[in-house]
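Read off the chains here:
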Amino acid sequence: MSELTLFLIRVAYLAILWIFVLSAISVIRSDMFGARVPEAARTGGGKAPKPPKQPKPGKRRTVPTHVLVTEGSNVGERADLSAGPVLIGRGSDAAIRLDDDYVSTRHARIAASGDQWFVEDLGSTNGTFVGTVRISQPTTITMGTQVRVGKTILELRK
Amino acid sequence: MAQQSTLMGFVHRRRRGAELFLLVLALAVGIGAYAAVGIGVQGEVPPDILGYGGWLAGLVIGAHVVIRLVAPYADPVLLPVVAALNGLGLAVIHRIDLAREAIDRPHGFAQQQLIWMTLGVGLFVVTLLAIRDHRVLQRFTYTSGLAAIVLLLLPILPGIGRTINGAQIWIRLGPFSFQPGEVAKVLLVIAFAGYLVLHRDALALAGRRVLFVDLPRGRDLGPILAMWLVSLGILVFQHDLGSSLLFFGLFLIMLYVATERPGWLIVGGLMFVGGATLAYFLFGHVRIRFDIWQHPFDFYTAEQGGKSFQPVEAKFGMGWGGLIGRGFGNGDPNRVPYAESDFIVSSIGEELGLTAVMAVLMMYGLIVERALRTSLICRDAFGKLVAVGLASVFAIQVFVVVGGVTGLIPLTGLTTPFLSYGGSSLVANWVIIALLLRISDQARRPLPTISDDTAAFSAEETQIVRAVSA
């Protein structure tokens, strides 16, 4: 086989290699910039979904400042949200310590992501419920959403 | 944890079509290399190209179909990049096999590697099917830590352990030899991540401040430090420098990411410098590596001991290859001992040139980038830490081995992921990719939001129940 053919094959192969790398990069690029923005996020200007109207319909976009126990043996206990993620459980390191036999030592965590709030189950025995749904991954909550752990119900409050 | 807001704004698409398109290109890279080797070395397209190409295509398309079925939102770039690297590696190993055949020392490395790849893809599929949610792995934190240490200890056992080239890291099971350390690195990532998820708050916040670093309490750091010291000690005992470096860096990065304390990097850096200095004065094999790195030509010829024959030949090869390489068949890669495993990058540099080496490094960069990206958008802390750990496994491994071959850092033996000949490494890396795809599938899947209506509705419902019970 002639030198020239071999040279052309070599260059062609290097071209294939780089075409592959560059197409992979262009897929990554389109993954970042070509993604759909869901209707809600666009119209809401990226803000958190509206809180339910029942507490104070006048002030919608207010930011929750604390978590309040609204039902259960520790009614009235609260934890400040500004100090970072709030740990809920029976353990001594929890921000809200619950005397509830159906709550695990480290039961759930409430944390912020941007201007949304998430509740995340930390592998508790009896589960964490948002509304009536047992959550299996971090779930957005808004002010007034009832989060149930054991026999206790917590809410985000302003 | 709180910087997700920009990423939460949009919904990821599935991108399976893009993956298929990239896979076709990746197959072109793999099969094209095989054809180019045939033309360059034997002067004709190899007669078994259809069978070989069909087998490769079957494997990667099979993996793609499984992803479509069980992980539809997984990252679209990881599988094609891995398929391309594996295909290129197979062709280069085949090229070295042919060179050996020419000097009557035949060894079917490429064929064995293809068998290992089949096994690897099989385990990839099994992993994706068996682990539907990566958080399940968190339950096996201590189990996998223990399993990793047992695996690392196996090669020291007299019955099954084997020493090859001065490193006691292989075990022999019937006709197969296996490197348990490769599996142990995956298990250690899971163990570290599972432990750090539970204890990172305590590690970062509780404890005393000494100099510039907050030292955590002993009971928080103790278990993980023990796990890490045991595995590191075993590796040092087995003379496996590369893996010790890998585990050290892995531990440091995961600790840093979990606690967000830059102090760990300073402490780790000092520990590394101290440990390296100590090793230089204590161990002869560390000193010789360092001296070879500093003065490669002092050890080159047989009279001088020939200890640097391998790295110097590799540099000759890469220098001869230049910018676009000699072309398959025109180089002489088998002058370098172990050109098919540790030194495969120098074989690529010789026959395909710097252009191809840069493409290969880009591909590794893409793997690491996708893994870190997965970690950024992942919604649970365990997944984040596992993804970071697996990304750093790749990053450190490539840095250590390519840096060693090119002479940037002292040479330590590690396999080049997916390229090198070596069954245990290949199989373990395919499993790593399966785990990354699983985590990215979970992370990119649209968020199940509890909409306002449901929340309000359920609130009302609860009130009704309350009214009735009252």
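Residues numbered from 1 in each chain as written. Chains lettered and ligands numbered in written order. Predicted model: local features only at pLDDT ≥ 70, side-chain atom pairs only at ≥ 80, totals over all residues.

**Q** Teacher, can you tell me more about the domain arrangement of chain B here?
**A** Think of interface size as the accessible area that goes away when the parts come together; that is how it is often given. Residues and elements named next belong to chain B. Segmenting chain B into domains produces domain 1 (1-130 + 309-470) and domain 2 (137-282). Of all elements in the fold, only α15 (381-406) and α16 (423-444) reach the threshold of two or more residues within the side of domain 1 that touches domain 2. The biggest single contributor to the side of domain 1 that touches domain 2 is α15, with 12 residues. A per-class count over the side of domain 1 that touches domain 2 returns 13 nonpolar, 7 polar and no charged. (Domains from an automatic or database assignment. Helix = DSSP H or I, 4+ residues; strand = E, 2+ residues; numbered from the N terminus. Nonpolar A, V, L, I, M, F, W, Y, C, P; charged D, E, K, R; others polar.)

**Q** Honestly, the sheet that holds strand β3 (residues 86-89) of chain A in this entry has me stumped. Any pointers?
**A** Strand pairing within a sheet occurs via backbone hydrogen bonds; the two strands may be parallel or antiparallel. The 5 strands are arranged β4-β3-β5-β6-β9 (chain A) in an open sheet whose pairing can be described as mixed. Of all strands in the sheet, those bounded by a partner on one side alone are β4 (96-97) and β9 (139-141) of chain A. (Pairing = 2+ DSSP bridges.)

**Q** How should I be thinking about the sheet that holds strand β8 (residues 133-134) of chain A in this particular structure?
**A** Residues and elements named next belong to chain A. Across the sheet, 6 strands lie side by side as β2-β1-β11-β10-β7-β8; this open sheet has antiparallel pairing. Of all strands in the sheet, those bounded by a partner on one side alone are β2 (78-80) and β8. Bridge analysis of strand β7 (residues 128-130) against strand β10 (residues 147-149) gives 3 bridges, and the strand direction is antiparallel. Following the sheet pairing, Thr128 is matched in β10 by Val149.

**Q** Explanation requested: the packing of α15 of chain B against α16 of chain B in the structure shown.
**A** The description of two packed helices rests on the angle between their axes and on the distance between the axes. Residue and element names in this part refer to chain B. Running from amino to carboxyl end, α15 crosses α16 at an angle of 145 degrees, the nearest separation of the two axes being 10 Å. Note that α15 runs across α16; the crossing there is left-handed. Here Gly383, Val386, Ala387, Leu390 and Val393 of α15 come into contact with α16, specifically with Ile432, Leu435, Leu436, Ile439, Gln442 and Ala443. Tallied by class, residues from the contact of α15 with α16 come to 9 nonpolar, 2 polar and no charged. (Axes fitted to C-alpha atoms, helices over the stretch in contact; angles between N-to-C directions. Left-handed = near helix turned anticlockwise from the far one by under 90°. Contact = placed C-beta atoms within 7 Å.)

**Q** What's the story with the confidence of the model for chain A in this structure? I'm lost.
**A** Caution applies to low-pLDDT regions: their predicted coordinates should not be interpreted in detail. Residue and element names in this part refer to chain A. The pLDDT averaged across chain A works out to 79; a share of 81% of its residues lies at or above 70. Mean pLDDT values for the elements of chain A range from 52 in helix α2 (residues 39-43) up to 91 in helix α1 (residues 3-33). Counted against residues more than four places away or in other chains, residues 44-60, with its pLDDT under 50, gives 27 contacts. (pLDDT = per-residue confidence, 0-100.)

**Q** For this particular structure, what's the right way to read the nonpolar core?
**A** Nonpolar side chains in soluble globular proteins tend to be buried together. Judged by nonpolar contacts, the single largest core of 144 residues is most densely connected at Met254, Leu385 and Leu390 of chain B. Per-element accounting of this core gives the leading share, 17 residues, to α15 of chain B. Counting contributing residues per domain, this core is built from domain 1 (1-130 + 309-470) and domain 2 (137-282) of chain B, each supplying no fewer than three. With residues near it in sequence (within four places) discarded, Leu390 of chain B still touches Val189, Ala371, Ile432, Leu435 and Leu436 of chain B. Core analysis: the second largest hydrophobic core is formed by 23 residues, Val69, Ile96, Leu98 and Ile110 of chain A among them. (Core = buried A, V, L, I, M, F, W, Y, C linked by C-beta atoms within 7 Å. Buried ≥ 20, exposed ≤ 12 C-beta atoms within 10 Å, placed from the backbone.)

**Q** Just to check I follow, could you spell out the confidence of the model for chain B for this structure?
**A** Residues and elements named next belong to chain B. Mean pLDDT over chain B: 85, with 90% of residues reaching 70 or higher. Across residues 1-8, confidence stays below pLDDT 50; counting only partners more than four residues off in sequence or on other chains, it has 13 contacts. Segment residues 451-470: pLDDT under 50, and 17 contacts once partners within four positions in sequence are set aside and those in other chains are kept. This prediction of the complex comes with two scores: 0.78 for pTM and 0.87 for ipTM.

**Q** What should I look at first to understand the UniProt feature "domain: FHA" (unreviewed entry) in chain A in this one?
**A** With numbering aligned to this structure, UniProt lists the feature "domain: FHA" (unreviewed entry) at residues 86-135 of chain A. Secondary structure content for residues 86-135 of chain A is 0% helix and 46% strand, while the C-alpha to C-alpha distance between its ends is 17 Å. (UniProt positions renumbered as here; feature names shortened; annotations may be inferred.)

**Q** So what exactly am I meant to see when it comes to the environment of Phe248 of chain B here?
**A** Residue and element names in this part refer to chain B. Mapped onto the elements of the fold, Phe248 is located in helix α9 (residues 241-259). For Phe248 and Thr301, which are 53 residues apart along the polypeptide, the C-alpha to C-alpha distance reads 34 Å. If near-sequence neighbours (up to four positions away) are discounted, Phe248 is found in contact with Leu232 and Phe272.

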